[in-house]
Amino acid sequence: QHKDAYQVILDGVKGGAKEKRLAAQFIPKFFKHFPELADSAINAQLDLCEDEDVSIRRQAIKELPQFATGDNLPRVADILTQLLQSDDSAEFNLVNNALLSIFKMDAKGTLGGLFSQILQGEDIVRERAIKFLSTKLKTLPEEVMTKEVEEFILTESKKVLEDVTGEEFVLFMKILSGLKSLQTVSGRQQLVELVAEQADLEQTFNPSDTDCVDRLLQCTRQAVPLFSKNVHSTKFVTYFCEHVLPNLSSLTTLVEGLDIQLEVLKLLAEMSSFCGDMEKLESNLKKLFDKLLEYMPLPPEEAENGENASNEEPKLQFSYVECLLYSFHQLGRKLPDFLTAKLNAEKLKDFKIRLQYFARGLQVYIRQLRLALQGKTGEALKTEENKIKVVALKITNNINVLIKDLFHIPPSYKSTVTLSWKPVQKADASQKRASEDTTSSSPPKKASAGPKRDARQIYNPPSGKYSSNLGSFSYEQRGGFRGGRGRGWGGRGNRSRGRIY
């Protein structure tokens, strides 16, 4: 007789608003007593989750976790994942809370439902399920996120990473790098290998293919925070030296306002400190050296009367030179006799002339910048113009230190500098002092995980060697994949599906 009574409650979903409200409460309440009616009960509750009346829908969703028992849990997780597509904020929050509550009952079962929708669901469901994982996993306690659960996340994520957009890839890297089991050296190494695979470092590099360029940059940005003295960047540095540097001037990007060449050089500089033993070190160092020479001009020829024959001073591109000189200095440590034994005397002499000319121009700008910033503290240093001058002073000071090292006989590779865009590792030192700090004993600080980077300032020095004009600056915003889903990285096929409860 009780079974008949429960059937009446189930049939209530076909009645009016009052009957439906009662059904939404009583179906889950007595669900466990009628295992033979489990399927009918879940289906009835699902009908209520799709009701036109928002209050009935909310009530039905709120009660869904009560159906998550035994074998039913993955199915409930699958249903709740599909319900993430709701545009009603209260309803969406209820779905999130319901998913979190069943997570605590059975994390693997819940993840099974989420990943099945990520792999096979509609695009909107996939997008929201990935977002759910990237924001909620880190809030779960350790007793829920066991080693076994984390291994399951890694295994399933690898399946998803076979076909992702750039944006999705960034979110998955955020998910994976937050897992406790991947915080170890071997865990970080695993993540670097995943990124290298995604970057497809075996492929021929095509500088005119924006997708190919953006993919490489996006992947490298994800890899940079993972590198350390134990997790080497050798594979990426080698690829940049062999394939990207020779094509630097022909790189293309769709990201508006991005200085793509500087972006590449900054990434190379950040990685160069963590490069391990490189197979073709001399040949790659030569490529790096040749690229550096392009930005280190020779002094203009002087006419007989001592005037500049061309009437034009070469433009000194400090931002580029900082990156190239730093990378050369880092890799040069591994082959300290490169400048003396691997270059002929004529080339070394030519390089020293270029260094000397650059250093002369550098001194002028450093004096001008120090003069412009003299006596400025606190609020005065926070103006946009002065912030750029502080960065410019860091760049020029860094180059100065590195050039001094290379002028030693034999060239030295001992000095350490903190790249101008990295945080200065000082506790509350005044900005003025920090800006004049030419050396730092600490290694470059690792960037925080995740794709977001602060806006970066480029210092474009005045074109005339002794010009006192310091207003010629431009900005560079770190960009990345900012387009719609399905762009690049093998746009996903349209897998639209109806209700698949």
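Provided above is the structure to which this section pertains.
Keep in mind the model is a prediction, meaning the values are calculated, not measured. (Residues numbered from 1 in each chain as written. Predicted model: local features only at pLDDT ≥ 70, side-chain atom pairs only at ≥ 80, totals over all residues. Heavy atoms only, no water.)

**Comments concerning the nonpolar core**
Counted only if it meets this: Among buried residues, the Ala, Val, Leu, Ile, Met, Phe, Trp, Tyr and Cys ones that are joined through side-chain atoms within 4.5 Å form a nonpolar core. Only protein chains enter the accessibility calculation, which uses a 1.4 Å probe; a residue whose area is less than 20% of its type maximum is buried, one above 50% is exposed, and one in between is partly exposed. We call two residues in contact when some of their heavy atoms are within 4.5 Å.
Residues Ile27, Leu80, Phe236, Phe328 and Leu339 are the most contacted members of the largest nonpolar core, which totals 150 residues. Those residues within four positions of Ile27 in sequence are excluded, and the remaining contacts are Tyr6, Ile9, Leu10, Val13, Ala41, Ala44, Gln45, Leu48 and Phe67.

**Section: the packing of helix H1 (residues 2–11) against helix H2 (residues 17–30)**
So the rule is basically this: Axis angles are defined between N-to-C directions and span 0 to 180 degrees, where every axis is a line fitted to C-alpha atoms and, for a helix, only to the segment in contact. Secondary structure elements follow DSSP: runs of H or I no shorter than four residues count as helices, runs of E no shorter than two count as strands, and numbering proceeds from the N terminus. Crossings are sorted by hand: turned counterclockwise from the far helix by less than a right angle, the near helix makes the crossing left-handed, and turned clockwise it makes it right-handed.
One can describe the packing of H1 onto H2 by two numbers: an axis separation of 9 Å at closest approach and a directional angle of 140°. The crossing of H1 and H2 is left-handed. Facing H1, whose interface residues are Tyr6, Ile9 and Leu10, H2 presents Ala23, Phe26, Ile27 and Phe30.

**Topic: the packing of aromatic side chains**
Between two aromatic rings, the relevant description is the distance of the centres plus the angle of the planes. Stated precisely, the cut-off is as follows: Geometry of aromatic contacts follows a simple scheme: Phe, Tyr and Trp rings, the Trp one being its six-membered ring, pair when their centres are within 6.5 Å, and the pair is stacked under 30 degrees between planes, edge-to-face over 60, tilted otherwise.
Applying the stated criterion across every chain, the model contains 14 aromatic pairs. With centroids separated by 5.2 Å and ring planes inclined at 70°, the aromatic side chains of Phe318 and Tyr365 adopt a geometry described as edge-to-face. Separated by 47 residues along the polypeptide, Phe318 in helix H16 (residues 318–332) and Tyr365 in helix H18 (residues 345–373) bring together distant segments of the chain. Tyr365 sits in the buried class, given a relative accessible area of 1%. Look at Phe328 and Phe338: their rings are 5.9 Å apart centre to centre, the planes differ by 70°, and that puts the pair in the edge-to-face class. Here the residue Phe328 occupies a position in helix H16, and Phe338 occupies one in helix H17 (residues 338–342), the gap between them amounting to 10 residues. The same class applies to Phe328 and to Phe338, which are both buried. Of the aromatic side chains, those joined through ring pairs into one cluster are Phe289, Phe328, Phe338 and Phe351.

**Some thoughts on the environment of Asp78**
Heads up, the condition is: A 3.5 Å cut-off defines polar contacts: any pair of N or O atoms within that distance qualifies, except that in protein one atom must be a possible hydrogen donor and the other a possible acceptor, and neighbouring residues in sequence count only when both atoms are side-chain atoms.
Among the secondary structure elements, Asp78 is positioned in helix H5 (residues 72–83). Once the C-alpha coordinates of Asp78 and Gly112 are considered, the two residues, 34 residues apart in sequence, prove to be 7.8 Å apart. Side chain to side chain, Asp78 and Gln117 meet in a polar contact 2.9 Å long.

**Describing helix H6 (residues 89–103)**
Note the following rule: One fewer than the residue count of a helix, multiplied by 1.5 Å, yields its expected span.
For H6, which comprises 15 residues, the first-to-last C-alpha distance of 21 Å matches the rise-based estimate of 21 Å (1.5 Å per residue) to within 8%. Residues of H6 that are buried: Glu91, Val95, Asn96, Ala98, Leu99, Leu100, Ile102 and Phe103. Those residues of H6 hidden inside the fold are in contact with helix H4 (54–63), H5, helix H7 (107–120) and helix H8 (123–136). Measuring from the backbone nitrogen of Ala90 back to the side-chain oxygen at the start of H6 gives 3.2 Å, which picks out Asp88 as the cap.

**Structural notes on the environment of Gln368**
By the element assignment, Gln368 lies in helix H18. Remark: the alpha-carbon pair of Gln368 and Leu393, spanning 25 residues in sequence, is separated by 9.6 Å.

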